[in-house]
Amino acid sequence: MIRFGPSGNSDIFYEQGYKSSAQMPAWLEKMSLNAYEYQCSKGVKISSQLAGQIGEQARLNDIFLSIHAPYYINMASEEKEKRINSIVYMLETLQAAKWMGAKRIVVHTGSCSRTSREHALQTAKQVLKDTINEADAAGFGDIAICPEVLGKLNQLGSLEEVLELCTLDERLIPTIDFGHLHARCMGCLNSTKDFEQILDRIESTLGEYRLKNLHSHFSRIEFTPGGEKKHWTQDDTQFGPEFEYLAEALYNKRVEPVIICESRGKMAEDALKLKNIYNRISGG
Ligand SMILES: [Zn+2]
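Owing to the predicted nature of the structure, the values given are computational and were not obtained by experimental measurement.

Trainee: Tell me about the layout of surface pockets, residues and numbers included.
Mentor: Taken as a whole, the largest pocket spans an internal volume of roughly 520 Å³. For the largest pocket, the lining is made up of 29 residues, of which Gln 39, His 68, Tyr 71, His 108 and Glu 228 are closest to its centre. When residues of the lining of the largest pocket are traced back to their parent elements, those giving at least two are α4 (80-100), β5 (110-111) and β11 (227-231). The element best represented in the lining of the largest pocket is α4, accounting for four residues. Tallied by class, the residues present in the lining of the largest pocket amount to eight nonpolar, 16 polar and five charged.

Trainee: Break down the sheet that holds strand β8 (residues 175-177) for me, citing the residues and quoting the values.
Mentor: Taking strand neighbours across the sheet as the criterion, the four strands line up as β1-β12-β9-β8 in an open arrangement whose pairing is parallel. Two strands lie at the open edges of the sheet, namely β1 (3-6) and β8, each paired on one side alone. Strand-to-strand, the axes of this sheet are offset by a mean angle of 25 degrees, without reference to chain direction. Note that strand β9 (residues 215-218) and strand β12 (residues 258-261) share four bridges and pair parallel.

Trainee: Describe the coordination of the zinc ion, and please don't skip the residues or the numbers.
Mentor: The protein atoms that coordinate the zinc ion are His 68 (NE2), His 108 (NE2) and Glu 148 (OE), at distances spanning 2.0 to 2.2 Å. Between the donor residues of the zinc ion, the gaps in sequence give the motif H-x39-H-x39-E. Placement of the pair is His 108 in the loop between β4 (104-107) and β5 and Glu 148 in the loop between β6 (144-147) and β7 (155-156), with a sequence separation of 40 residues. In this structure, His 108 and Glu 148 share a single accessibility class: buried.

Trainee: Tell me what's going on with the nonpolar core, and back it up with residues and numbers.
Mentor: A general trend in soluble globular proteins is that nonpolar side chains are found buried together. Counting 77 residues, the largest nonpolar core has Ile 67, Met 100, Ile 202 and Phe 243 as its most contacted members. If near-sequence neighbours (up to four positions away) are discounted, Met 100 is found in contact with Tyr 38, Ile 46, Ala 51, Ile 54, Gly 55, Arg 59, Leu 65 and Ile 67.

Trainee: Before we move on, can you summarise the side chain of Arg 3 with the specific residues and values?
Mentor: Locating Arg 3 in the fold gives a position in strand β1. At 2.7 Å, the side chain of Arg 3 and the backbone oxygen of Asn 34 are in polar contact. Aside from chain neighbours lying at most four places away, what touches Arg 3 is Asn 34, Ala 35, Asp 62, Ile 63, Phe 64, Pro 257, Val 258 and Ile 259.

Trainee: Give a description of helix α8 (residues 192-206) that names residues and reports values.
Mentor: Residues spaced three or four apart along an α-helix face the same direction, because each turn holds 3.6 residues. The end-to-end C-alpha distance of α8, which contains 15 residues, comes to 21 Å, matching closely the 21 Å that a straight helix rising 1.5 Å per residue would cover. Three or more residues of α8 are buried, namely Thr 192, Phe 195, Glu 196, Ile 198, Leu 199, Ile 202 and Leu 206. Looking down the long axis of α8, one finds its buried residues gathered within 155 degrees of arc, a one-sided arrangement. In α8, those exposed residues whose orientation departs by more than 90 degrees from the buried face are Lys 193 and Ser 204. Of the surrounding secondary structure, the elements contacted by the buried residues of α8 are α6 (159-166), β8, α7 (178-184), α9 (208-212) and α10 (243-252). Directly after α8, the chain includes Gly 207, whose backbone phi takes a positive value near 90 degrees.

Trainee: Now, about a nonpolar patch on the surface: what can you tell me, with residues and values included?
Mentor: A grouping of Leu 153, Met 186 and Phe 223 is seen on the molecular surface, where their side chains present a nonpolar patch of about 220 Å² in accessible area. Topologically, Leu 153 is positioned in the loop between β6 and β7.

Trainee: Talk me through the packing of helix α3 (residues 48-60) against α4; I want residue IDs and the actual numbers.
Mentor: Look at α3 against α4: their axes get within 7 Å of each other, and the N-to-C directions meet at 50 degrees. One finds that α3 runs oblique with respect to α4. Here Ser 48, Ala 51, Gly 52, Ile 54, Gly 55 and Arg 59 of α3 come into contact with α4, specifically with Ala 96, Trp 99 and Met 100. Of the residues in the contact of α3 with α4, the class split is five nonpolar, three polar and one charged.

Trainee: How would you summarise the packing of aromatic side chains if you had to cite specific residues and measurements?
Mentor: Scanning the entire structure with this criterion turns up ten aromatic pairs. Measuring from centroid to centroid gives 5.3 Å for Phe 13 and Trp 27, while their planes differ by 80 degrees, and the two rings are edge-to-face. Separated by 14 residues along the polypeptide, Phe 13 in helix α1 (residues 11-15) and Trp 27 in helix α2 (residues 24-30) bring together distant segments of the chain. Taken as a pair, Phe 13 and Trp 27 share a single burial class, namely buried. Each ring, one from Trp 232 and one from Phe 239, has its centre 5.0 Å from the other, and the planes form 20 degrees; the classification is stacked. The class of Phe 239 is buried, set by a relative accessible area of 16%. Taking NZ or CZ as reference, Arg 254 lies 4.4 Å from the ring centre of Tyr 251, over its face.

Cut-offs used in this document
- Residues numbered from 1 in each chain as written.
- Predicted model: local features only at pLDDT ≥ 70, side-chain atom pairs only at ≥ 80, totals over all residues.
- Heavy atoms only, no water.
- 1 Å grid on protein atoms, 1.4 Å probe; cavity = no way out; pocket = protein on both sides within 12 Å on 5 of 7 lines; lining within 4 Å.
- Points joined across faces, edges and corners; volume = space filled by probe spheres on them.
- Helix = DSSP H or I, 4+ residues; strand = E, 2+ residues; numbered from the N terminus.
- Nonpolar A, V, L, I, M, F, W, Y, C, P; charged D, E, K, R; others polar.
- Pairing = 2+ DSSP bridges.
- Axes fitted to C-alpha atoms, helices over the stretch in contact; angles between N-to-C directions.
- Donors = N, O, S within 2.8 Å, 3.2 Å for Na, K, Ca; no water.
- Buried < 20%, exposed > 50% of the residue type's maximum accessible area, 1.4 Å probe, protein only.
- Core = buried A, V, L, I, M, F, W, Y, C linked by side-chain atoms within 4.5 Å.
- Contact = heavy atoms within 4.5 Å.
- Polar contact = N/O pair within 3.5 Å; in protein donor to acceptor, adjacent residues only side chain to side chain.
- Expected span 1.5 Å × (residues − 1).
- Arc of directions from axis to C-beta.
- Patch = residues over 30% accessible without salt bridge, like charges linked within 9 Å, V, L, I, M, F, W, Y side chains within 5 Å.
- Areas by Shrake-Rupley, 256 points an atom, 1.4 Å probe, with all protein chains shown as cover.
- Salt bridge = Lys/Arg side-chain N within 4 Å of Asp/Glu carboxyl O.
- Parallel < 35°, antiparallel > 145°, perpendicular 65-115°, else oblique.
- Phe/Tyr/Trp six-rings, centres within 6.5 Å; stacked < 30°, edge-to-face > 60°.
- Lys NZ or Arg CZ within 6 Å of the ring centre and 35° of its normal.

Here's what the structure looks like:
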């Protein structure tokens, strides 16, 4: 089943007087959404109690949970201390996911501005390998680590690099951020075929199962020659990519991923817009 939901909490959630993320699952269910990506992007500070409450509410309301790990993870760092810390941050995120009953954590791989891309990739691979071993030992082996395609060219995290990282262990699921891909290639995703080619690429590297169980992010995006500049909303139509093309590609290939909307401030409202586009195309 294809799922739609927001990355974090929309501005209107707070404007309507809600305060706790534990209220999000029921709020999302009322909106006809069924996924929620909890943000630990500035650090894993959530208590086991709040995580447990979010998890319980998510199960009651059939909301699929994922957690975004801290942005400052850098698996490709030249500094040993930063690599070790990156493992710690991933394990902390996995612990929060365990409390919550979340099935996936989304991680940024890091920067490759100070070294060759190939060296950065090999460094990140080793860190990810060590993380998987420690996660298994700690009892987190049932939670999928999902390396994300990143939007800036000097970040390690092109489609090819993320797929290569995911070949390490069959439980690794790529997070395909279609806005980031669009920014990385200076706006190259402009047809259903463009999106189908990406899906084909994933399938040929990681196989059908992981293609069908993709994790993904979507929002309109502004970019510069360096790549990603800013996420925008569905109403900001001067920025691409167009979700219609992706929806058609997903429907044509019968791929039903989790689609997390990252629109600025309006992530839940826009997730619903994406869902409606998909339903129109699929006749659902
Ligand atoms: Zn991200």
